[in-house]
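Chain by chain, the residues run as shown.
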Amino acid sequence: MKVIFLDLDKTLLGDDYSPEPAGEAVREFKKGGFKIVFNSSKTRREQEYYRKALGIEEPFIVENGSAIFIPKGYFPFEFAYSMEDDQYKIIELGERYEVIKAALDEISDEFGLKYYGNSTLNEIMEFTGLPKRLAELARERDYSETVFKWEKGGFEEVLRRRFEVSRGSRFWSVHGKTDKGKAAKMLLNLYSKLGEVESYAVGDGLNDFPMFDVVDFAFIVGELKHPKARNIRSVEEIMLWNRG
Ligand code: MG
């Protein structure tokens, strides 16, 4: 069985955030027998939007490794999880949003910080370039904050005493002591109960490195260097590589 972890921003998705251009790559992966697992800094609501648009029904990992959402009935065996709702069993690895926002609120004046929790919808659209509908979904956060703007550096060090602070394509993400790799590894352990797994990961940012470390084959879109990852220009190249 082949499992591929896909980052979304600047990896599967382009600058306009629309799902359509990703359709071709997703179809190719499905045809190649890959189980497609989103592993992104995006929220549950945002990822649900892309899952629906692209017809993906696999588990998914939200907010930089903070939680794994596993559709009910997906794995035909029992496993430990943190909570469940009507759709998913949820394994939580990160910190609650309220705790993170409170910590940012304490230092926001000192460092001139702008993040979801102290921005209007219009400001969020301006910082992120998200269309209104997607900005609304991004604002519904469960486990992390995104620092869009800062007037003064040094806030990273203050926050690192309590949280993980990682650099994405453009912004800083603040979340619990977890990362995309920890969550990917945990999910791979579950998949391995179904049979032998060949694992892949694709990303473009430093926050993708931890997931490169836990898979068999890793790919970086763009110019960053990682010792075990192959540099590619777009996700489509993976299928060419996979066909040999
Ligand atoms: Mg990215």
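All values derive from a computational prediction rather than experimental measurement.

> Lay out the nonpolar core in plain terms, naming residues and giving numbers.
Ile4, Leu6, Leu12, Phe29, Phe38 and Val202 are the most contacted members of the largest nonpolar core, which totals 42 residues. With 4 residues, helix α5 (residues 132-139) is the largest single contributor of residues to this core. Each of two domains, domain 1 (2-94 + 179-243) and domain 2 (97-175), supplies a minimum of three residues to this core. Here Leu12 is in contact with Leu6, Asp7, Ala22, Ala25, Val26, Phe38, Leu54 and Val235, once residues within four sequence places are set aside. Within the second largest apolar cluster, 23 residues are counted, among which are Phe79, Ala184, Tyr191 and Met211.

> Before we move on, can you summarise the layout of surface pockets with the specific residues and values?
Here the largest pocket is characterised by a volume of approximately 420 Å³. Broken down by secondary-structure element, the contributors of at least two residues to the lining of the largest pocket are β8 (144-149) and β10 (172-175). If you tally residues by element for the lining of the largest pocket, the top one is β8, at 3 residues. Residues belonging to the lining of the largest pocket are distributed by class as follows: 7 nonpolar, 11 polar and 11 charged. Shared between two domains, the lining of the largest pocket holds at least three residues of each, these being domain 1 (2-94 + 179-243) and domain 2 (97-175).

> Lay out the sheet that holds strand β11 (residues 198-203) in plain terms, naming residues and giving numbers.
Within a beta sheet, neighbouring strands are joined by backbone hydrogen bonds and run either parallel or antiparallel to one another. Within the open sheet, the 5 strands sit side by side as β2-β1-β11-β12-β13. Their pairing is parallel. Pairing within the sheet leaves two strands with one partner each, and these edge strands are β2 (34-38) and β13 (229-232). Taking each pair of neighbouring strands and ignoring which way they run, the sheet shows an average axis angle of 25 degrees. The pairing of strand β1 (residues 2-6) with β11 spans 5 bridges and is classified as parallel. Within β11, the position partnered with Val3 by the bridge is Ser199. Contacts from helix α7 (residues 180-192) reach β1, β2 and β11, with the element oriented near 160 degrees to β1.

> Residues and numbers for the coordination of the magnesium ion, please.
Geometrically, a metal with four donors at the corners of a regular tetrahedron has ideal angles of 109.5 degrees, and one with six donors at the corners of a regular octahedron has ideal angles of 90 or 180 degrees. Within the protein, the magnesium ion binds to Asp7 (OD), Asp9 (O) and Asp204 (OD); these donor distances fall in the range 2.1 to 2.2 Å. Between consecutive donor residues of the magnesium ion, the sequence gaps follow D-x1-D-x194-D. Of the two residues, Asp7 and Asp9, neither departs from the other in class, the shared state being buried.

> Explain the pattern of salt bridges to me, and be specific about the residues and the numbers.
Side-chain pairing between opposite charges can occur once the charged atoms of the two side chains come close. On inspection of all chains with the given rule, the structure shows 18 salt bridges. One salt bridge in this structure joins Lys31 and Glu28, with 3.3 Å as the shortest N-O distance. Here Lys31 and its partner Glu28 are both found in helix α1 (residues 23-31), 3 residues apart, which amounts to about one turn of the helix. Measuring nitrogen to oxygen at the nearest pair gives 3.2 Å for the salt bridge that ties Arg44 to Glu48. With Arg44 and Glu48 both in helix α2 (residues 44-54), this residue pair falls 4 residues apart, about one helical turn. A relative accessible area of 16% places Glu48 in the buried class. One network of salt bridges, in which partners are shared, links Arg44, Arg45, Glu48, Asp85 and Glu140.

> Account for α1, naming residues and giving values.
Taken together, the buried positions of α1 are occupied by Gly23, Ala25, Val26, Glu28 and Phe29. Immediately beyond the C-terminal end of α1, within one or two residues, lies Gly33, with a positive phi of roughly 80 degrees.

> Any details on the domain arrangement of the protein? Residues and values, ideally.
When cut into domains, the protein gives domain 1 (2-94 + 179-243) and domain 2 (97-175). Domain 1 and domain 2 are separated by 23 Å when their C-alpha centres are compared. Each partner contributes to the interface: domain 1 provides 22 residues, whereas domain 2 provides 20 residues. Of the roughly 1,700 Å² buried at the junction of domain 1 and domain 2 (both faces included), carbon and sulfur atoms supply 55%. Connecting domain 1 to domain 2 are 2 salt bridges. Note that Glu140 and Arg45 form a salt bridge whose closest N and O atoms lie 3.2 Å from each other. Elements that contribute at least two residues to the side of domain 1 that touches domain 2 include exactly α2, β4 (67-71) and β6 (88-92). Top contributing element to the side of domain 1 that touches domain 2 by residue count: α2, with 5 residues. Looking at the side of domain 1 that touches domain 2 residue by residue, the classes come out as 8 nonpolar, 5 polar and 9 charged.

Procedures and definitions
Residues numbered from 1 in each chain as written. Predicted model: local features only at pLDDT ≥ 70, side-chain atom pairs only at ≥ 80, totals over all residues. Heavy atoms only, no water. Core = buried A, V, L, I, M, F, W, Y, C linked by side-chain atoms within 4.5 Å. Buried < 20%, exposed > 50% of the residue type's maximum accessible area, 1.4 Å probe, protein only. Helix = DSSP H or I, 4+ residues; strand = E, 2+ residues; numbered from the N terminus. Domains from an automatic or database assignment. Contact = heavy atoms within 4.5 Å. 1 Å grid on protein atoms, 1.4 Å probe; cavity = no way out; pocket = protein on both sides within 12 Å on 5 of 7 lines; lining within 4 Å. Points joined across faces, edges and corners; volume = space filled by probe spheres on them. Nonpolar A, V, L, I, M, F, W, Y, C, P; charged D, E, K, R; others polar. Pairing = 2+ DSSP bridges. Axes fitted to C-alpha atoms, helices over the stretch in contact; angles between N-to-C directions. Donors = N, O, S within 2.8 Å, 3.2 Å for Na, K, Ca; no water. Salt bridge = Lys/Arg side-chain N within 4 Å of Asp/Glu carboxyl O. Buried area = accessible area lost by both parts, 1.4 Å probe.

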